[in-house]
Amino acid sequence: MDPMDEVSQGRSAIPQFNRHGTALSQEERKALAKKNGVCVRCGVPTHDVKMFRRSPLTNEHVYEGKCIKCRPEKCPKEVVQAWELKFKPQQAQQTTSATSRFRNVGRKVGKIKQGVATMQTSGVNEPQVKPRPTVPTSNNESRRGPDLTTTRNAQSTRNAGGNFDHVQQLRKKEVSRRLPPMPLDSHTSQRSTRKAPSTSPNISSAKKELSPQNRALSKTELSSTKAPSLRNELSTSNLTFGEDYTGGGSEENAESLAEFLRNNKAATNKVKEKLHCLRNLGEEAGALGDLKELMEQYRDDPKILSLCCGAIWSVTANDDEKKSIAAEAGCISTIIGVLRDPVWQDNPDVLQWVIGSLSCLCHGAGNRGKLADAGVIEVVLYCMKDHVQSAGVFEWACRLLYALINQHPDEPFMDDNEIEKIILSVEDSDGISIILSAMKQHLNEPSPQMWAIKLLWRLQERNDSMASNRTLESMNTAGGINTCIKLLRARSTTPVLFAATTDLLFNMFAVAANDETAHNKSSDCMSTITRRMKEDSKDAVVQEACCNLLSIVVPKSRLHFKESDGLKEVVTALSNFPNSSSVCTAAAKVLWTTSSRPVFFDETYLEDAFCALEAAVGESSSDVNLLIHSCGFIANVVSFCSTSKDEIPFKIPMNALLLKVEDPRLGHQAGRAICAICIKQSKRFIKVIDKDFIQAMVDNLDSSSEELLCASYDVLIAIGNMSDEMKEKSLSLGSLEIAKSHVESFQTKKLIEKALELMSVLASPVKIRTLSLPEDIFQVVMKVNSSFPDLLEKLCVVLRNLLIISIPASKQLNFESLVTFTTSIIDDENKSLALRREACAVLWVFIARQKNHSQHSLKAMYRSLLSVMSSHNGEQRSYDSDLQVVAAGALSRVTAIMRDIGFPMQFEDVEELMHLLYKILENDIDRVELLESVLETVLDLSHIDEDCIIQTGGIVVVIDIMVENEQSESIQERGCNILAVLSSTQNVQVNCCIAETDGIDMIVSSLALFSGNAIIQESACKALSNLSVDGEARMLITSQGGLMLIINAMDSNKDNVDMLESCCTALRLLVADADEQMLRDPMIIKTILSLMNVHPDNNGLQEKAMAVIQSLSGRSKEFKEQIAKAGGISAITFAMKEHLGDETLQLRAFTTLWTLAVLKTNQIEVASEDGIKHVVNGMMLHLMNGAIQKQGCGCLCTLTNHPDNKRLIREAGAIEALIFSMWAHYNSESVQAEACKVISHLAVNLAMNEVMLASIEEITCLVSAMRRYPDSEKIQEYAVMALRNYVLSQDNVEIINSNVDQLDHLLMTAASRFPEKCSERAYQVMETLSAN
């Protein structure tokens, strides 16, 4: 089947959902497409994917691994043209349902000459009319207008009121000649402001709500402007028709004009004159149905078509009701018919009028849907692409598309889902790429560029942040960053367009935060931004936009920023607009960013920057973001600059702290600034360090003056923050007890707040030590909430710090009310984010101190913590990293207790956790402390219910975290532990998933990097042991050096029995496939035998070590010799003797000895180590174990190959063991065969020239086996061989003749059934027996 057919039917190879029904993100679908080697858009195979190889394909649909259909820009032009020639006509002929808004609009496939006879008879050289290719249209005739697929002759019959001669004249008109825009006379009334197009998006209003933290996801409306008004938007400077566009000064009314048009349709010139009049009447006119019929009649005349479109546009421009009437009259369908006509698709002038009129009409009730259903989006994008050089088509196409997706407040409400479908239709039709391509061609056309920027902004302005990000990524992929940078450089770019473009560029850079390639381009616009800031230094909108963009690009282009002298312009902007909070905030952020790297910061402008900041903060003293950026800047500068104290604006960080804002960033940055100032200006705080002064401040806490109390509290807090020594001095003077009594007794919020803050500072030492706290201190703190709920955040901070220094399991902690208190805060979405974060911190510390909790409390804490993390994972609310860290730490403590008590987990809870981990991966992959906590949680849940973790995709998440933090020992330790637990399920699919997602790579890497970490060594070896059951995994482990790393781990951890057993299990499988050159390392055998000697009493370890020896000895003769030489046989026989009662060990020992005994030298050593006796003893002790009997017989049989061993075997009682085994396992063909083989070997000793004397039991067992299994070739062969060997002795002949009946029959049967194996020996036996 042609893969393109599959795509056209919507059966893409890339699923939208995973096997659990969870929607896959765009990144996941891209990764899945890459893994499967297919195009992510259409599913066409692009690569040949093997286990260790991924090769690009080249065929009729793919060129060097690139899909020609979806990525034509990556393929040579001739390849794309050849593909289009072969496949585009097929696609153009396909049709879809009338209700579908996602159509494949037909493309022109060639130009065919028509109307030759007409042009010859006329004697005029006129442009040849082009054929109309079939395009996908709706089945609803009233919606799509006249049929566009009929011939020209058929069209002439539909021209009501005209004749064939008139149609011939219409055909002679110059179709390709440029149509000028049509004017309006000056006396017509002005249109409504909302109907006229805005010349710029309302960027400034959007930016007020657009903080640097969430700018990329802003949904602010750029413009609420409706479709353009005709009179205000089209210039009259290019008129070339030589006609009277005023309508000859006629003062006819709309009714008389409509009557004339109905009755005089054949009078072409008069029709055009009246159309001018009708258009000039504007909204006072009507005759929409007549205009529609006129367009159908003159469908070959570009002038009249353009005039009709202009008239319809003018009539309906300011009246939504008339737009609906136009739709009902069929005007929209007719105009769309013109738009879809291939003839007019080649005429950019006609297209401007057609597209412009549609941009007006789409605002009528329901008209957007009609346009989308008719495939207008795809056709308009095609026309824009086909006329990429036409600025008019570019502008009006952007206006129309913007009108389709932009909801104006005065219009009937349009469902967001419908708008989203239209946006998706634009994107699916490669609209972003087409728009950007057109922008590149018209960099010096500010008006089209403005509408293009507005359109692109609206495309990414979505309710779904993921959809917005995907749109911005598409813009980046299509070269949006480069295009916007070029637009910024264009000299014709207006300040408003510059600001709008800068805002869009900001979003594109923001979504490409981790894309180094995108940020490498930031240096290209640095000089442009600084130049524009200098040129438009008085334009606040430009300054704000430039500063915002600089804040995101400077970290990647600090050197270019310094070389372009950008810091000077930023400081100038800060100085010029002290009253503009948004400009100052953006500029302060740039200062903060640049000052983080001293080498790139020019101290020349430092004094001016300080002065400007003081003025700005003075004007906007409560602007938190401004204060944060200012304090961050001051902290950085004070840390590295040798600035005198007079230049540092001390008041900014001091006042910031006095604001008591809940935002933790402000406190942090202001604290940093104060700390830096204290370091630089230590003499100013020398008195605070004095102990007498501390005593005085404590004494002041008994004062009745509220102001004095507050001042004293402030001083004590500052002293406490200086060092732990200051905290201890304050504690020794009773400040904590006094603060607790004040919290309990005071009624004023301010004093309670101060007391709580002091308690928090005193309870947060750098070096944590436990203290005996005052009784009921926790209850006292929590009671404050009832009187002052707005202090809840501070209460949480105090509780957290007090819990840190409390004695574990003390009586103050034995209450469940703290669980209820904290979970109620966490679950309340109306509470501030900082407060909920502090509540999580309280819970974290409390669980660490108190581990005795009921199942009800555990479940409540688990649900609360998981819910708050999920609610701030970046989907519905902005992602908060600090909250995730604190909540994850608390959650890991909860799950640890759950693991200890075996708390049952619900699948839905685990699934929600896995979804959260994916979001953390997207937003916070580098925050190690967060990843440690979530991995600990996954590890705990893996022990509780590993199936839930596997089914919810935990393997992929864990490995991704390990890959991104390969050098982090703590991350690798937890990741290896989890993989060891999950791989222990021995599920083939699980192991394959680990192998295919770089899990083995990370495990082996951890073994190599962290050889001193016993936990990593143990868990990694266990994981490799579990994974080694798969052949491909074994190859991967061995190829990466995993085998020798396991040996090294065993040698370094000889006392860790669990790890050694896991290592042996892995080695047993790995040595079976490993390269022999690698296995020749003597360290391997030496290490295995060493651990057997170190742990002689551990039967499990002994058995697994012997399994490695067995697997290794089976590789070649060389390894058998090395094992024996190293003492392997002695170690095995010792283990057999010490663990005679262990069936598993005996079975493994028999098998291993059997393998080693293949060499004759080893046969002698087995005998010398009493191996024969141990084998016989094992067989006798475990008589009912068929596997042991079989392996024992095989081992004895191999040992009989040495003549000296035959006597030792019989003397050890092997014959009795064989007889017992044969009787005990009479129904086991394999045991009977092996036993017969051993007896046949023992019956005769050629080297000693002797025949063993048989017992009647031996003969009976042989005969019974022959009789029981007449069809077994092996049994018959070995039994006959044994009898032949026995009859070599006359004594044995007499025994056989006297005790066995019907032997001749059995021998004859064996000889006849197996002549090659038995015939000769059977006849020898029968002859010998008959002769006696």
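Look a little higher up for the structure.
Quick summary incoming for the structure in this document. (Residues numbered from 1 in each chain as written. Predicted model: local features only at pLDDT ≥ 70, side-chain atom pairs only at ≥ 80, totals over all residues. Heavy atoms only, no water.)

1. Let's talk about helix H41 (residues 749–762)
- Counted at 1.5 Å a residue, the expected span for H41 with its 14 residues is 20 Å, and the 20 Å between its end C-alpha atoms agrees.
- The element H41 is extensively covered by neighbouring structure, given that 11 of its 14 residues are classed as buried.
- Buried within H41 we find Leu 751, Ile 752, Glu 753, Lys 754, Ala 755, Leu 756, Leu 758, Met 759, Ser 760, Val 761 and Leu 762. (Helix = DSSP H or I, 4+ residues; strand = E, 2+ residues; numbered from the N terminus. Expected span 1.5 Å × (residues − 1). Buried < 20%, exposed > 50% of the residue type's maximum accessible area, 1.4 Å probe, protein only.)

2. Concerning the state of the cysteines
- Within the structure shown, the criterion is met by zero disulfides.
- We note that Cys 331 lacks a disulfide partner, and the nearest cysteine sulfur, in Cys 308, lies 9.2 Å from it.
- The exposure class assigned to Cys 331 is buried, which follows from its relative accessible area of 0%.
- Not part of a disulfide, Cys 546 finds its nearest cysteine sulfur in Cys 547, a span of 7.0 Å.
- For Cys 546, a relative accessible area of 0% puts it in the buried group. (Disulfide = S-S within 2.5 Å.)

3. Details of the side chain of Ser 324
- Within the element layout of this structure, Ser 324 appears in helix H14 (residues 320–328).
- Judged by relative accessible area, which is 17%, Ser 324 ranks as buried.
- Beyond its immediate stretch of four places on either side in the chain, Ser 324 contacts Gly 364, Ala 365 and Asn 367. (Contact = heavy atoms within 4.5 Å.)

4. Focus: the pattern of salt bridges
- Taken as a whole and judged by the stated rule, the model has 35 salt bridges.
- Lys 323 is the partner of Asp 320 in a salt bridge, and the nearest nitrogen-oxygen pair spans 3.2 Å. Residue Asp 320 and its partner Lys 323 are both found in helix H14; the two are separated by three residues, about one turn of the helix. For the pair Asp 320 and Lys 323, a shared accessibility class is recorded, and that class is buried.
- Measuring nitrogen to oxygen at the nearest pair gives 1.9 Å for the salt bridge that ties Asp 790 to Lys 749. Of the two residues, Asp 790 sits in the loop between helix H42 (777–787) and helix H43 (792–805) while Lys 749 sits in helix H41, which places them 41 residues apart along the sequence.
- Look at Asp 790 and you get partly exposed, because its relative accessible area is 41%.
- The network of salt bridges with common partners includes Glu 420, Glu 427 and Arg 462. (Salt bridge = Lys/Arg side-chain N within 4 Å of Asp/Glu carboxyl O.)

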